[in-house]
Structure formats: C-alpha cells, structure tokens
Amino acid sequence: MGAVSSMTVESINHLPSDKEFYLFQQLILDKLGIFLPLQKKALLSNRLWKRLRECDLNSYQDYYRLIVDKKGEAELHVALELVTTNETYFFREQKHFDYMEQSIFPMFRNGSKLRVWSAAASTGEEPYSIAMMLADKCQSNWELECSDVNNTVIEQARRGVYPESRIRNIPQHYLHRFCRKGIGPQDGFVRVTQDLRDRVNFFTLNLHYDFPDIGKFDLVFLRNVLIYFENDTKEKVLERIAKVLNPNGVLFVGHSESLHGVTQRFAPIKPAIYRLVN
Ligand SMILES: C[S@@+](CC[C@H](N)C(=O)[O-])C[C@H]1O[C@@H](n2cnc3c(N)ncnc32)[C@H](O)[C@@H]1O
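From a predicted model like this one, the values you see are computed outputs, not experimental measurements.

Right, let's get into the site of the ligand. Close to the ligand lie 22 residues, the nearest being T88, R92, A120, D148 and N224. For the ligand, an oxygen atom lies 3.0 Å from a polar atom in the side chain of N86. Expressed as a share of its isolated accessible area of 610 Å², the protein-covered part of the ligand is 99%. When atoms are counted within 2 Å of each cavity's grid points, the one that captures over half of the ligand is the largest pocket. A class-by-class count of the residues in the shell around the ligand yields nine nonpolar, eight polar and five charged.

Right, dumping it as structure tokens:
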C-alpha cells in the first residue's frame, strides 16, 4: 500500500452515501484518531472500494457490518491500514537533519547515549535517514526506535528495500556506506545494509491509545501525522509524547504542522522543532 496519487474512475463511481460515510468516519476516529471530513468521500472510496469488491460485497454498509463484527477483526485491520496515508521520502525536511547535526549531536559527544523515536515511521525512509546520520556522526552511541500503526508499512520498513527512483535525496557518501544495489531480480532496487537495519528496532504502536512501556527519549520525530488529527486528539497524543521525553527532549513535527493553540507542554525552538517544557 502506498500513497494514493490519483482517484480511480472505478472508485469515484462508487462513492458511499453520507450515512455510510459517517459510519466509517466514526470508526476511523475511534480506532486511529484520524478525522476524515465529508469532503474526503472520494478518498474513502478510493481506499476501500477495491477491497470491498474483493470481499464480494457491493455496499459500504455491508463492508462496515463485516468489519465491526467480532469475526471481522482481521478485515478491520486491513481496512484501517488502507485508510492511512503513508507518503514519505528520504531526508524529508532537510532543516531537521541540519538542526540535529548542528545543535543536538554536539551535546552528546561526551559519551552519553542518544535515544531517538520515529513515531509515525511509515515505510522506513524517515528512520533510515535518521539512522544514517546517527551512524555517521554519533558512532555507536545511539538507539533508534521506529513505529507506525500500520503493520504492513512497518514490515516494508524492516525489509529496507527501495526502488532506485526513491533514493535521490540520500547523500552520495551515505548511499555508498549504507545502501547496496540489487542484482538480478532485485535490479532497480537498493537495500539498506544489514548493519544499519540491525540498529533500528521496529514495532507497531497506535499513537491514539496509551503507550506501552517504551522508555524515555531525547528526540521524537512525529512528522506529518498530527495533520490527520483534530485538536483534542493532538493534545492527548502530545501529552503521551511529553511523558516519554527526557527533560529538554526535542520534538520534530512536519513543516505544515504547528502546536500553537494545542498544548503548552512544548516551546518552539525553530519552525516545526519544539523543546519539552519541563
Ligand atoms: C504521511 S506518513 C508520515 C511518514 C513520516 N513521518 C514522514 O514525515 O515522512 C503518516 C504516517 O502516520 C501513520 N499513522 C496514522 N495514524 C496513526 C496512529 N494513530 N498511530 C500511529 N501512526 C499513525 C500512518 O500509518 C502513516 O504511515
């Protein structure tokens, strides 16, 4: 499952009714914290219509009944994964990487270990970008946790295989050091080296529910996911994040996201970079 760039004619012709849409809207809000406004009807049908047909169903209401039934739990997971948007790329928002290098790494040169969490990691481009920098600048003095609610993208991240078309943002010296070109059936793909993959711990975690014990972090990347939440959900998610940050811990959000008017637990340092208010 990747980002959906164009609506298929097939799904556009099969939009849910308002009543059907609201059933899914509430379910998605309850399970993921994601709020889909009514204008996203076409997106919902684009994500779900094909699957609904694969289940031999013709109506959204029937599909809804299937996934809320106890016996439909596996299908519910499929549906929820289909509605997440997983667009991502290597070294997205370069200014965050510059800030890490210039302002954060120098503070950790004295031997203390840097703990980092990529909390909406999608298919792995974000955590591997972070991992490349950490391996380059912090020797082995770091730990990187990487999670997403969508298990399918986490599995892709764990494999660490990417089409060559997706690696253009990776600096040349990192490509040489941390990526291997595929041959034979893997021609056209690169794989992140085993050494680097082994340094990253992957797991599924839903930001909308209380976190399991994952320890404390110095840096959390929570980029391009708050955008899908309404303010009350954002506030709760940010409170959970605040609790797992070390004093003076730093939070990175997406450049189109702001915590202004949402919480006072974080103070802005730079655009889309915040420090925990202790
Ligand atoms: C647009 S991607 C952002 C990926 C990466 N952080 C970046 O900025 O490139 C958003 C990710 O948030 C995940 N997500 C959505 N709702 C979530 C939730 N409730 N808990 C955890 N992850 C969630 C999606 O599965 C998706 O992979």
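Turning our eyes to something else, we now look at the nonpolar core. Core analysis: the largest hydrophobic core is formed by 49 residues, its most contacted members being W117, L207, L222, I241, L251 and F266. Counting only elements with at least two residues in this core, the list comes to α2 (18–32), α3 (41–54), α4 (60–68), α5 (73–83), β7 (217–222), α11 (231–243), β8 (245–253) and β10 (273–276). Mapping this core onto the domain boundaries places at least three of its residues in each of domain 1 (9–83) and domain 2 (94–276). Setting aside residues up to four positions removed in sequence, I241 forms contacts with W117, L207, F211, V220, L222, L251 and F266. Judged by nonpolar contacts, the second largest core, of 41 residues, contains F108, A157, F178 and L196.

Quick look at empty space enclosed by the protein now. On inspection of all chains with the given rule, the structure shows one cavity of 30 Å³ or more. Its boundaries defined by the atoms lining it, the largest cavity holds a volume of some 40 Å³. Lining the largest cavity we find F24, L27, I28, L48, I67, A79, L80 and V83. Elements represented by at least two residues in the lining of the largest cavity include exactly α2 and α5.

Quick look at the packing of α2 against α5 now. To characterise two packed helices, one gives the angle between the axes of the helices and the distance between these axes. Viewed as axis vectors pointing N to C, α2 and α5 meet at an angle of 90°, and their least axial separation amounts to 11 Å. Taken together, the axes of α2 and α5 lie roughly perpendicular to each other. Where α2 abuts α5, its residues L27, I28, K31 and L32 lie against L76, L80 and V83. Broken down by class, the residue content of the contact of α2 with α5 amounts to six nonpolar, no polar and one charged.

Relative to β10, strand β9 (residues 266–270) is paired through four bridges, and the arrangement is antiparallel. Residue F266 lies in a different strand from β10, and its bridge partner there is L276. Between the antiparallel neighbours β9 and β10 lie two residues, among them A272 with a positive phi of about 65°.

Along the polypeptide, E145 turns up in strand β2 (residues 142–148). A distance of 2.7 Å separates polar atoms of two side chains, one belonging to E145 and the other to N201. Not counting residues up to four positions away in its chain, the partners in contact with E145 are R115, V116, W117, S118, N201, F203 and F217.

It is worth spelling out the pattern of salt bridges at this point. The tally for this structure, following the rule as stated, stands at 19 salt bridges. Of the charged contacts in the structure, one is a salt bridge between R65 and D62, with a shortest N-O distance of 3.0 Å. With a gap of three residues between them, R65 and D62 both fall in helix α4, about one helical turn apart. The partly exposed category is assigned to R65, whose relative accessible area is 49%. When the shortest N-O distance is used, the salt bridge between R166 and E125 registers 3.2 Å. Of this pair, R166 sits in the loop between β3 (161–163) and α9 (172–178) while E125 sits in helix α7 (residues 125–137), placing them 41 residues apart in sequence.

Cut-off values and rules
Here the residue numbers are simple positions, counted from 1 along each chain's written sequence. Selection of residues for local features in this predicted model requires a pLDDT of at least 70, selection of side-chain atom pairs for listing and counting requires 80 or more, and totals for whole chains, interfaces and linings are taken over all residues. Working from all heavy atoms in the structure, the side-chain values ignore hydrogens and water. Near residues are defined by distance, with any heavy atom within 4 Å of the molecule or strand qualifying the residue. We call two N or O atoms a polar contact when they sit within 3.5 Å, provided that within protein one can donate a hydrogen and the other can accept it, with sequence-adjacent residues counted only if both atoms are side-chain atoms. Per-residue and other accessible areas follow the Shrake-Rupley method at a 1.4 Å probe size, with only the shown protein chains counted as cover for residues. Buriedness for pockets is judged along seven lines, at least five of which must meet protein on both sides within 12 Å for an open set on the 1 Å grid over protein atoms alone, while cavities are sets there where a 1.4 Å probe fits but cannot get out, and lining residues have an atom within 4 Å of a point. More than half of a molecule's atoms within 2 Å of the grid points is what it takes for that molecule to sit in a cavity or pocket. Polarity classes work like this: nonpolar for Ala, Val, Leu, Ile, Met, Phe, Trp, Tyr, Cys and Pro, charged for Asp, Glu, Lys and Arg, and polar for all others, with Gly in that last group. What we call a nonpolar core is a set of buried Ala, Val, Leu, Ile, Met, Phe, Trp, Tyr and Cys residues that are connected through their side-chain atoms within 4.5 Å. Burial classification: accessible surface area is computed with a 1.4 Å probe over protein chains only, and a residue below 20% of its type maximum counts as buried, one above 50% as exposed, and the rest as partly exposed. Helix numbers and strand numbers start at the N terminus; a helix is a DSSP run of H or I with at least 4 residues, a strand a run of E with at least 2. Residue ranges assigned to each domain were obtained from an automatic or database domain assignment. Whether two residues touch is decided by their heavy atoms; if any such pair falls within 4.5 Å, the residues are in contact. Grid points are joined across faces, edges and corners, and a volume is the space filled by probe spheres set on the points. Angles shown run from 0 to 180 degrees and are taken between the N-to-C directions of axes, each axis being a line fitted to C-alpha atoms and, for helices, limited to the stretch in contact. What sets the label is the angle itself: under 35 degrees gives roughly parallel, over 145 gives roughly antiparallel, 65 to 115 gives roughly perpendicular, and the rest give oblique. Criterion used throughout: strands pair if DSSP finds at least two bridges between them. Whenever Lys or Arg places a side-chain nitrogen within 4 Å of a carboxyl oxygen from Asp or Glu, that contact is recorded as a salt bridge.

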